[in-house]
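Observations on the model geometry
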Amino acid sequence: MNTNPNRSITMNLIHENLARAQMAARLGEAQNLRQGRRVARANRLHRKAEQAAQQARHALARAL
């Protein structure tokens, strides 16, 4: 049996690099997901604030 230690080390490095690339991809996906959730929440809060302002304007118009 002819075992080449350089080949074994090379294969390990390839697997490590693949694992790092997959981890980086997962971290990027998670960050994008969090950013999307923040944007969606900000949009909801903005709509809620706009509705509250509209209600306040209507209430003021009725009071006059």
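Residues numbered from 1 in each chain as written. Predicted model: local features only at pLDDT ≥ 70, side-chain atom pairs only at ≥ 80, totals over all residues. Heavy atoms only, no water.

**Points about the overall build of the protein chain**
Counting secondary structure elements, the protein chain contains one helix and zero strands. Against the globule reference of 11 Å for 64 residues, the protein chain gives a C-alpha radius of gyration of 28 Å, more extended than a compact globule. With the C-alpha coordinates aligned to their principal axes, the bounding extent of the protein chain is approximately 95 × 10 × 5 Å. Relative to its 64 residues, the protein chain shows a buried fraction of 0%. (Helix = DSSP H or I, 4+ residues; strand = E, 2+ residues; numbered from the N terminus. Rg over C-alpha atoms; globule rule 2.2 N^0.38 Å. Buried < 20%, exposed > 50% of the residue type's maximum accessible area, 1.4 Å probe, protein only.)

**Quick word on the pattern of salt bridges**
Think of it this way: side chains of opposite charge can pair up when their charged atoms draw near. Evaluation of the coordinates by the stated rule reveals one salt bridge. In this structure, Arg20 and Glu16 form a salt bridge, with 3.6 Å as the shortest nitrogen-oxygen distance. Taken together, the residues span about one helical turn, with Arg20 and Glu16 both in helix H1 (residues 5-63) at a distance of four residues. On the accessibility criterion, Glu16 (39% relative accessible area) is partly exposed. (Salt bridge = Lys/Arg side-chain N within 4 Å of Asp/Glu carboxyl O.)

**Topic: the environment of Gln31**
Counting through the fold element by element, Gln31 comes out in helix H1. Gln31 sits in the partly exposed class, given a relative accessible area of 48%. Residues Gln31 and Glu50, spaced 19 residues apart in sequence, show a C-alpha to C-alpha distance of 29 Å.

Function-wise, these values are silent; they only describe arrangement.
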